[in-house]
Amino acid sequence: MILVTGGAGYIGSHTVLTLLQHGHDVLVLDNLCNSSAEAIHRVNRLTGKNARLIEGDIRNRALLDQILGEHPIRAVIHFAGLKAVGESVQKPLAYYDNNVGGSITLIEAMQAAGVKNLVFSSSATVYGEQGGAREYTETMPLGVPSSPYGKTKVMIETILGDTAHADPAWTIALLRYFNPVGAHESGDIGEDPQGIPNNLVPYISQVAVGRLERLAVYGDDYDTPDGTCLRDYIHVMDLAAGHVKALEHIADKTGVYTWNLGSGTGSSVLDVVRAYEKACGKAIPYTIAPRRAGDLPAFWANPEKAARELGWRTERSLDDMMADTWRWQAKNPQGYR
Ligand code: NAD
Ligand code: WQD
């Protein structure tokens, strides 16, 4: 059985679905601070299987001990955490407490229970500012992320590395995601941000569905082909498949493994807008706004290590990502509510 922390969230719910389809038993632990139990109900309906959801917090050591004591957990996929970059600048302690503190409590409970197999949601943000347009490779030194959120990812990677160094029985996969977007092809599960979205694709979606008036494109004077920032967008179902590959790969190994999960291609903000317009069949009104503080001009994954070692590559195009996002948004204009 696989314990999935944060499994009711955006990436977690798509990964739970994929795990169930691959025949894994799944237990979800989520405090629902940024998600809804409805996501797991829908995953169960889509798969005809039964992932159980326990509503609770990864900082609750007694609860973790109980879960690890009562269920035959062989590995943990750890998604639980706070992820809003701007909010983390305003509330750094909440991010260090939830992300770093929560991860330490989880690692301690796993250590005590003898469950030493962990897949962790890291981020391309750990590469920090490397200067100019960059392809990120796993062998690059970690940078200094500009936000407390990003720093929590560097800290947790470091803590996990030191834990595995001290106790070689551990097996840890650090998965560095690029920009996850899209939704399950059914349109029944997807990303459901609370309040005004911070991220590009959820924002465009709410413009397309009439909840927001127009997109602000943050800067068109970068040194990129059309002047807007380049990012490596990855379909959440490709990302979910990467987790299953990583989990299966590390099952009979020990040590720490790091993989970029990205497509290897950069798309501009305007490329995304045009792909979304094609998917939804309407124009997305936008204005060019000043640059957003902390944004890097252009970066994308070198995805070769995951291809070589996991036999995993992205399969879905930017058009697929936008078509699936639009299907989810059109079927669920108010998200899960
Ligand atoms: P999400 O907010 O949809 O999912 C996170 C889930 O964790 C939510 O369901 C939330 O309720 C739960 N959670 C938060 N704190 C918890 C706690 N203390 N105890 C129990 N549950 C808790 O976010 P997501 O986009 O699915 O991201 C999942 C993971 O991937 C996060 O760790 C995030 O930092 C990381 N990540 C996300 C992106 C991205 O762009 N979405 C990119 C790189 C890395
Ligand atoms: C993408 C592009 C914006 C909104 C963030 C985190 C990162 C990772 C993924 C977790 C940028 C532009 C955006 C808008 C815009 N998360 N944009 N108008 O910043 O690449 O990455 O999410 O680990 O750590 O920083 O993603 O979707 O916010 O922005 O023009 O309203 O869209 O400037 O170029 P980002 P994003």
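Here, every reference points to the structure presented above.
Attention in this report is confined to the structure presented alongside it. Computed from a predicted model, the values in this text were never measured in an experiment.

With respect to the site of ligand 2
Okay, so step 1: Inspection of the region around ligand 2 gives 18 residues, with Ser123, Tyr149, Ala216, Arg231 and Asp295 positioned closest.
Okay, so step 2: Here an oxygen atom of ligand 2 and a side-chain polar atom of Tyr149 are 2.5 Å apart.
Okay, so step 3: Ala216 places a polar main-chain atom, nitrogen or oxygen, 2.7 Å from a nitrogen atom of ligand 2.

Re the layout of surface pockets
Okay, so step 1: Of the volumes computed, that of the second largest pocket is approximately 210 Å³.
Okay, so step 2: Lining the second largest pocket are 13 residues, with His22, Ala241, Lys245, Trp312 and Glu315 sitting closest to its centre.
Okay, so step 3: Element by element, the count of residues in the lining of the second largest pocket is highest for helix 8 (residues 236-250), at six residues.

Section: the sheet that holds strand 3 (residues 52-55)
Okay, so step 1: The strand order 3-2-1-4-5-7-12 describes an open sheet built from seven strands, whose pairing is parallel. Each of the sheet's edge strands pairs with one partner strand only, and the pair in question is strand 3 and strand 12 (255-261). Going from strand to strand, the sheet's axes swing by 20° on average, the running direction of each strand aside.
Okay, so step 2: In this sheet, strand 2 (residues 26-30) lies alongside strand 1 (residues 2-5) in parallel orientation, the contact comprising four bridges.

Let's talk about the site of ligand 1
Okay, so step 1: Taken together, the neighbourhood of ligand 1 is formed by 27 residues, with Asp30, Asn34, Ser35, Asn98 and Tyr149 sitting nearest.
Okay, so step 2: In this structure, Cys33 approaches ligand 1 through a main-chain N or O atom, which is 3.1 Å from an oxygen atom.
Okay, so step 3: Contact between ligand 1 and Asp57: a nitrogen atom at 3.0 Å from a side-chain N or O atom of the residue.
Okay, so step 4: Compared with its free state, where it exposes 820 Å², ligand 1 has 95% of that area covered by protein.

Digging into the packing of aromatic side chains
Okay, so step 1: Enumeration over the complete set of coordinates arrives at seven aromatic pairs.
Okay, so step 2: Between Tyr136 and Phe178, the aromatic rings sit 6.3 Å apart at their centres with planes inclined by 45°, giving tilted as the arrangement. You can see Tyr136 sitting in strand 6 (residues 134-136) and its partner Phe178 sitting in the loop between strand 7 (171-177) and strand 8 (179-181), a full 42 residues away along the chain. Here Tyr136 matches Phe178 in class, with each residue buried.
Okay, so step 3: Site record: aromatic cluster; members linked through ring pairs are Tyr127, Tyr136, Phe178 and Phe299.
Okay, so step 4: Over the face of the ring belonging to Tyr222 we find Arg291, whose NZ or CZ atom lies 3.9 Å from the ring centre.

Section: helix 6 (residues 148-166)
Okay, so step 1: Here helix 6 spans 27 Å end to end across 19 residues, near enough to the 27 Å set by a 1.5 Å rise per residue.
Okay, so step 2: Buried-residue contacts for helix 6 involve helix 4 (85-90), helix 5 (92-113), strand 5 (117-123), strand 7 and strand 12.

Remarks on the pairing of strand 3
Okay, so step 1: Judged from the four bridges that link them, strand 2 and strand 3 form a sheet pairing that is parallel. What sits directly across from Val28, in strand 3, is Leu53.
Okay, so step 2: Handedness of the crossover is the feature at issue here: the chain leaves strand 2, passes through helix 2 (residues 37-47), returns alongside strand 3, and the resulting connection is right-handed.

What counts, and where the lines are drawn
- Residues numbered from 1 in each chain as written.
- Chains lettered and ligands numbered in written order.
- Predicted model: local features only at pLDDT ≥ 70, side-chain atom pairs only at ≥ 80, totals over all residues.
- Heavy atoms only, no water.
- Near = heavy atom within 4 Å.
- Polar contact = N/O pair within 3.5 Å; in protein donor to acceptor, adjacent residues only side chain to side chain.
- 1 Å grid on protein atoms, 1.4 Å probe; cavity = no way out; pocket = protein on both sides within 12 Å on 5 of 7 lines; lining within 4 Å.
- Points joined across faces, edges and corners; volume = space filled by probe spheres on them.
- Helix = DSSP H or I, 4+ residues; strand = E, 2+ residues; numbered from the N terminus.
- Pairing = 2+ DSSP bridges.
- Axes fitted to C-alpha atoms, helices over the stretch in contact; angles between N-to-C directions.
- Areas by Shrake-Rupley, 256 points an atom, 1.4 Å probe, with all protein chains shown as cover.
- Phe/Tyr/Trp six-rings, centres within 6.5 Å; stacked < 30°, edge-to-face > 60°.
- Buried < 20%, exposed > 50% of the residue type's maximum accessible area, 1.4 Å probe, protein only.
- Lys NZ or Arg CZ within 6 Å of the ring centre and 35° of its normal.
- Expected span 1.5 Å × (residues − 1).
- Contact = heavy atoms within 4.5 Å.
- Right-handed = clockwise from strand over helix to strand, strands pointing away.

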